[in-house]
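Notes for the structure review
One-letter residues, chain by chain:
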Amino acid sequence: MKVDRLPAAVAEMNVTPMLDVLLVLLVIFMVVSIRLHRTVDASLPVPCTGACRGTAQIVLEVLPGPVYRINKATVPASALRDTIASIYAARREKIMQVAGYPGVSYQDVVSAMDIAKSAGVTVLGIAPRESYLSAR
């Protein structure tokens, strides 16, 4: 009697399930990273070279500490929101420039911008360093 030999077992790894898991994880990380990305919309002003018309600009200065000034008048942090809301109550255009000084943390500037937005400011701009900081 003749015995047929079975072919030797070859151990090959099946990579298809691993690739499926990898692709699912990639899609999950892509969706999560898009949702975690947060930005602050800000419009940069164009410096005025000639005679500029319009309403007087309101500039919120954020100094180290944090200390806040609105058009050179110091405002306590506890009254910042109420002060901004009272300034913009009668204004049709709710535009504010924000000037952050050297030594101020990014968090302090963003917190001030957030307070201004919650007080009714619709457009936040960044005050140009050359024109505003030199006028101190």
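Let me begin by describing the structure that accompanies this report. (Residues numbered from 1 in each chain as written. Predicted model: local features only at pLDDT ≥ 70, side-chain atom pairs only at ≥ 80, totals over all residues. Heavy atoms only, no water.)

**Some remarks on the overall build of the protein chain**
Helix and strand counts for the protein chain stand at 4 helices and 5 strands. Counted from the first residue to the last, the protein chain has its helices and strands arranged as α-β-β-β-α-β-α-β-α. Expressed as a percentage of its 136 residues, the buried residues of the protein chain come to 22%. The long-range share in the protein chain, meaning contacts at least 24 apart out of those at least 6 apart in sequence, stands at 68%. Summed over all atoms, the accessible surface of the protein chain reaches about 10500 Å², with 62% contributed by carbon and sulfur. (Helix = DSSP H or I, 4+ residues; strand = E, 2+ residues; numbered from the N terminus. Buried < 20%, exposed > 50% of the residue type's maximum accessible area, 1.4 Å probe, protein only. Contact = heavy atoms within 4.5 Å. Areas by Shrake-Rupley, 256 points an atom, 1.4 Å probe, with all protein chains shown as cover.)

**Some thoughts on the pattern of salt bridges**
In this structure the tally under the stated criterion is 1 salt bridge. In this structure, Glu61 and Arg69 form a salt bridge, with 2.8 Å as the shortest nitrogen-oxygen distance. We classify Glu61 as buried; its relative accessible area is 0%. (Salt bridge = Lys/Arg side-chain N within 4 Å of Asp/Glu carboxyl O.)

**Remarks on the pairing of strand E1 (residues 58–63)**
The buried fraction of E1 is high, at 6 of 6 residues. On E1, burial covers both faces: Ile58, Leu60 and Val62 on one face and Val59, Glu61 and Leu63 on the other are all buried. Across 5 bridges, the pairing between E1 and strand E4 (residues 95–100) is parallel. Looking across to E4, one finds that Val59 is bridged to Gln97. In the sheet, E1 pairs with strand E2 (residues 67–70) via 4 bridges, with the strands oriented antiparallel. Paired with Leu63 across the two strands is Val67, which belongs to E2. (Pairing = 2+ DSSP bridges.)

**A closer look at unusual backbone geometry**
Cis geometry marks the peptide bond from Gly65 to Pro66, where omega comes out at -15°. As for its placement among the helices and strands, Pro66 is situated in the loop between E1 and E2. Phi at Asn71 is positive, roughly 50°, even though this residue is not glycine. Structurally, Asn71 is set in the loop between E2 and strand E3 (73–75).

**What to know about the nonpolar core**
Ile84 and Met96 are the most contacted members of the largest nonpolar core, which totals 24 residues. Mapped onto this core, the elements with two or more residues apiece are E1, E2, helix H2 (80–88), E4 and helix H3 (106–118). Per-element tally for this core: the top contributor is E1, with 5 residues. Filtering out sequence-adjacent residues up to four positions away, Ile84 remains in contact with Ile70, Met96, Ala116, Ala119 and Val121. (Core = buried A, V, L, I, M, F, W, Y, C linked by side-chain atoms within 4.5 Å.)

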